[in-house]
Amino acid sequence: MYNAGQYDVIVVGAGHAGVEAGLAAAKRGAKTLMLTLNLDLIAFMPCNPSIGGPAKGVVVREIDALGGQMGKTIDKTHIQMRLLNTSKGPAVRALRAQADKVLYQQEMKKVIENQENLTLRQGMVDQLFVEDGAVKGVLTETKAAYYAPTVIVTTGTFMRGKVLIGDIEYESGPNNQRSTVKLSEQLEELGFDIVRFKTGTPPRVNSHTIDYTKTEQQPGDEVPRAFSYETTEFITDQIPCWLTYTGEFTHQIIDENLGRSAMYSGAERGTGPRYCPSIEDKIVRFHDKPRHQIFLEPEGRDTEEVYVQGLSTSLPEDIQKRLLETIPGLEKADMMRAGYAIEYDAVVPTQLWPTLETKKVDGLFTAGQINGTSGYEEAGGQGIVAGINAAAKSLDKEPLILDRSEAYIGVMIDDLVTKGTNEPYRLLTSRAEYRLLLRHDNADLRLTDIGYKMDVVTEERYERFTRKKNLIDQEVKRLKSHIIKPNEDVQNLLHELGGSPLKDGVRASDLLRRPEIKYDHIKQLIPNDETLPEDVEEQVEIIVKYEGYIEKSMQQVDKMRKMDNKRIPEHINYDDIQGIATEAREKLKKVQPLSVGQASRISGVNPSDISILLVYIEQGVRSQASNE
Amino acid sequence: MEQDTITAISTPIGEGAIAIVRLSGDEAFAIANRVFQGKDIYEVDSHTIHYGNVVDSKTNELVEEVMMTVMRAPKTFTREDIIEINCHGGMVSVNRVLQLVLREGARLAEPGEFTKRAFLNGRIDLSQAEAVMDLIRAKTDKAMNVALKQMDGRLSGLIRQLRQELIETVAHVEVNIDYPEYDDVEEMTHEVLVEKATHVKKEVQKILQTAKQGKILREGIATAIIGRPNVGKSSLLNKLAHENKAIVTEVPGTTRDVIEEYVNVRGVPLRLIDTAGIRETEDIVEKIGVDRSRQALKDADLILLVLNGNEEFTKEDAALFEAAEGMDVIALVNKTDLDQQIDMNQVKHVAGGSPVVTTSLLQEEGIDELEEAIANTFFEGELESADLTYVSNVRHIQLLEQAESALDDALNGIEMDMPLDLVQIDITRSWELLGEIIGDNVHESLIDQLFSQFCLGK
């Protein structure tokens, strides 16, 4: 063992969580080390070659607003981009990009290599140094000892990873990388509760062997789009995806061979996610459905590998080949890689503080799939929070806790640390009770300020944000004060749009609330002196049009915040509180909520328990005051 | 501290001539002003009391003559603004006042909440903290017990069914959002949503109208006094009305002689129907009352069937029992002061499980027993928990009404052509509110529904 150096923050892993964690910590000013198994697989996408989608796409923008990297990199390296849910309300629109996997990795590596304060090294971490309940550093397989007061573990599915294909199984991380066993064992020794989760991936086929004439084309949007608020160059040369379907014969083969599926062979297995079922799961659970969609997604510009989305499976390799033969367009497809299921260890996330620091070991943080989530975006969102907070701890700065009304990242972390999860956790828009506030179009408005305070957003960007915010505020104010009189222009316009004519003058904002009226119409009627940028106009329209709903959400948020601002004393002893129901007491002891609000979100903790808790806290506060 | 304004009836229910509806919180004065015709609450001195009327602003209807006590923070029990509305019209009108302030934005207080606030705001001594916690626990447990016990199985079944319909609808909207490309899931449309929301709204309205307990609270128990002529119906009516200060109202839109009288019997509000009819037919002996009684029976929740103990049990008596079959009946064998001719065994036999009370209305005997029988019929013999039953009912009604108004919001949103994912907010809200009635409100179940209803994933 040799002393390989002293850092403020050590990040174990360089996947989607590790990358954001390392970059954020370094930007915040912490001397940061990032250790990874394989320098050639930084920010590797072991599953689908895409980033974004409903909720997830919003997270990418949130990461971007906090100065993170995911959005910028995908903007540079995608092969296709689409805005989803355009026919629905603004709250649920989201971007999704198909990635060039290889380019994405290369680009990420470059960014990391060029980040000030950040050191990138290859090495497998075997051991954490823990003394007196606090982390001190890590030891690699090659006996390099690195020291730091904070360590962020972002080992994804690598902890005791096991790949399953039919009745074949072997120790492995994703894509045949080495799994890590020792770290998992040490976490158990330290007293962490570990759960076994699983996920899966479909086969990849060679594009030359696909008959695309039997499939439907799925092109990207014609309008160029970007995740990052800083992106100015747009990719116009896009590559389409393709849609085909499973059929009767596919289902028949699966029925006949279900017993040979690793997940259906009867052996005790980790818990898989419901939202990402294997094709076996789909056939078993929805037996009557005649067909399932299969999307063919190219993995990049310079590869012929195509990802067969919808066919995630742990059936034996020979069966996988036969399945492909039953799918229109894939009859002669050459399977380059087989699909597989992977089982891995995850840390029960209720063992974390909302900063993502573990309660058991001071200075130890975990982020990403190790916390029981799934998805690159979920990992990235946790990574950036863990990075900011590890740096905060090392440098004695303010920590970052996002609440449920500020970001999907806040929803996710609150869910994880408060409720835990019994399956790999994926963000869905339905998890966010204030999703109207958590739009993809306002991520910068929500978070740039916070990022700036955390030193991860540049001065220049902050100024740009302030300008934009002012423009929006001014324009909304103008529309609220400007009265539009029922003159000929207005009446003609309304007639044209099929709306009822004005009887009296109305505020421009009230007119905009009519379903048939868009901001463009208002602009036409009462032009603004200065031309506003498109994104400002978009915000103004949304803010005015949906004001009623936004206000209703804000009222609920106020209530939540009031409870969230009531802190629970650090060393509270729940056994001392008479009258709290037993189940609630056990849950409170386990989760150790920081605030009364968080306590109230624990399932099994009832309003009366919260009332009693409030009285108890007040009692403590007052007896302390009277002692002083 | 906590901004929302809470309210409750702060006097025991059914006891005493005055009942008080108390409001505490930032909005207490504003809410009081909205329902009060009298002085402007904001203008009057603190700790003063004012005469005026509580008026339903929606219908402009006079609800109750009241005295309103105004206490400005911080010198109050909770250290918040407090209003106490002193009512004297018995349970029905007190309840209407309560419903009104709830509608105007107050929230029904949780068990022990006034005391909790008093403590949290520093009004109650530190040494009493334990007592406050005990009080909250005890009151909560008791309220829960009562709520569970009195929750009609049919009602909870119906609410579960409505929630299922709502959540399936919401899951459908959600799946379109979270999985926009799954074209085999039909796109939810405004039309379908209107249909679903309207349907559930109608069902909620129906529950509100027909739920037995809810009806009791809003309207009182429709009570018919039936019997052959000259058995003592009129005396019974007078006795009940006299002892309980009846409020006589003419029912609008019906024939002039149909009159209702409200009386409050041990906390049970009775609405005596067709009292004019009784008086009329008692006066004109030849016009035999059976037909008329049948008519009254149709609308009644409770039947007080009067028999003459001084005569033998007649065919007409039997016919009346038959007509009242399946309803809540209390049989009165009257005129015990006279010679008893009636066969009590026969009466008990014909009455089945219904209570039989012997009275002498003339001598004022048996009135207590009658009142007890009435109370028992509606509070299942637990008079001391009447308060709690009552409260949990108010809670149910408030939740049902809020659910209804959330559905209205959803329908308005659709009308305004709002996107479905916004309309869905209100639909989800109504689902949550209905869930609170049956104590089932886990957000996670939406996600469960999503994945059991649809086949999703990569």
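Values in this document were obtained by computation on a predicted structure and should not be read as measured data.

1. So, the sheet that holds strand β16 (residues 216–218) of chain A
All names here are of chain A.
At step 1: If you walk across this open sheet you meet the six strands as β16-β17-β18-β19-β15-β20, and the pairing is antiparallel. Of all strands in the sheet, those bounded by a partner on one side alone are β16 and β20 (335–337). Pairs of neighbouring strands in the sheet enclose a mean axial angle of 35°, with direction left out of account.
At step 2: With three bridges joining them, β16 and strand β17 (residues 241–245) adopt antiparallel strand pairing. Each residue of the ladder has a partner; that of Q218, found in β17, is C241.
At step 3: Set on the sheet, helix α8 (residues 317–325) makes contact with β15 (204–206), β19 (305–309) and β20; between it and β20 the angle comes to about 135°.

2. Considering the pairing of strand β14 (residues 194–201) of chain A
All names here are of chain A.
At step 1: Most of β14 sits inside the fold, with six of its eight residues counted as buried.
At step 2: Pairing of β14 with strand β21 (residues 340–347) involves eight bridges; the strand directions are antiparallel. When the bridges of β21 are listed, G200 appears paired with A341.

3. Here we look at the sheet that holds strand β11 (residues 150–153) of chain A
Residues and elements named next belong to chain A.
At step 1: Spatial strand order, β7-β3-β2-β11-β22: five strands in an open sheet with parallel pairing. Across the chains shown, the open sheet's two edge strands, defined by having one partner strand only, are β7 (118–122) and β22 (364–366). Taken over all neighbouring pairs, the strand axes of this sheet differ in orientation by 20° on average, direction set aside.
At step 2: Strand contacts of helix α9 (residues 376–395): β2 (9–12), β11 and β22, with the helix running at about 165° to β11, the strand carrying the most contacts.

4. So, the packing of aromatic side chains
At step 1: Taken as a whole and assessed by the stated rule, the structure comprises seven aromatic pairs over all chains.
At step 2: Their ring planes at 65° and their centres at 6.0 Å tell us that F29(B) and Y42(B) sit as a pair that is edge-to-face. Of this pair, F29(B) sits in helix α1 (residues 28–35) while Y42(B) is found in the loop between β3 (36–37) and β4 (48–56), placing the two residues 13 residues apart along the sequence.
At step 3: Taking relative accessible area as the criterion, F29(B) reaches 1% and is therefore assigned buried.
At step 4: Between F313(B) and F321(B) the ring centres are 6.1 Å apart and the planes differ by 35°, which places this aromatic pair in the tilted class. A single burial state applies to F313(B) and to F321(B), both of which are buried.
At step 5: Through a chain of ring-to-ring contacts, the aromatic side chains of Y452(A), Y462(A) and F465(A) assemble into a single cluster.
At step 6: The positively charged end of K31(A) is found above the aromatic ring belonging to Y7(A), 4.8 Å away from the centroid.
At step 7: Positioned over the ring face of F114(B) is R22(B), at 5.1 Å from the centre of the ring.

5. Structural notes on the environment of F321(B)
Residue and element names in this part refer to chain B.
At step 1: Take F321: it is sitting in helix α11 (residues 315–323).
At step 2: For F321, a relative accessible area of 8% corresponds to the buried category.
At step 3: Along the sequence, F321 and V356 sit 35 residues apart, while their C-alpha atoms lie 12 Å from each other.
At step 4: With near-sequence residues (within four places) excluded, F321 lies in contact with L305, L307, F313, V329, A331, V350 and A351.

6. Quick notes on the UniProt feature "binding site: (6S)-5-formyl-5,6,7,8-tetrahydrofolate" (unreviewed entry) in chain B
All names here are of chain B.
At step 1: The UniProt entry lists R22, E84, R123 and K458 under the feature "binding site: (6S)-5-formyl-5,6,7,8-tetrahydrofolate" (unreviewed entry), expressed in the numbering used here.
At step 2: Since its relative accessible area comes to 15%, E84 is described here as buried.
At step 3: A polar atom in the side chain of E84 sits 3.1 Å from the side chain of R22.

7. Considerations on the pairing of strand β10 (residues 144–147) of chain A
All names here are of chain A.
At step 1: Summarising the sheet, strand β1 (residues 2–6) and β10 pair through four bridges and their orientation is parallel. Considered in β10, the bridge of G5 is made with Y146.
At step 2: Here strand β9 (residues 134–140) runs beside β10; their pairing, made up of three bridges, is antiparallel. Across the sheet, residue V138 finds its bridge partner in β10, namely Y146.
At step 3: The turn joining β9 and β10, which pair antiparallel and follow one another in sequence, is formed by three residues; a positive phi near 70° is taken by K143.

Conventions and cut-offs
Residues numbered from 1 in each chain as written. Chains lettered and ligands numbered in written order. Predicted model: local features only at pLDDT ≥ 70, side-chain atom pairs only at ≥ 80, totals over all residues. Heavy atoms only, no water. Pairing = 2+ DSSP bridges. Helix = DSSP H or I, 4+ residues; strand = E, 2+ residues; numbered from the N terminus. Axes fitted to C-alpha atoms, helices over the stretch in contact; angles between N-to-C directions. Contact = heavy atoms within 4.5 Å. Buried < 20%, exposed > 50% of the residue type's maximum accessible area, 1.4 Å probe, protein only. Phe/Tyr/Trp six-rings, centres within 6.5 Å; stacked < 30°, edge-to-face > 60°. Lys NZ or Arg CZ within 6 Å of the ring centre and 35° of its normal. UniProt positions renumbered as here; feature names shortened; annotations may be inferred. Polar contact = N/O pair within 3.5 Å; in protein donor to acceptor, adjacent residues only side chain to side chain.

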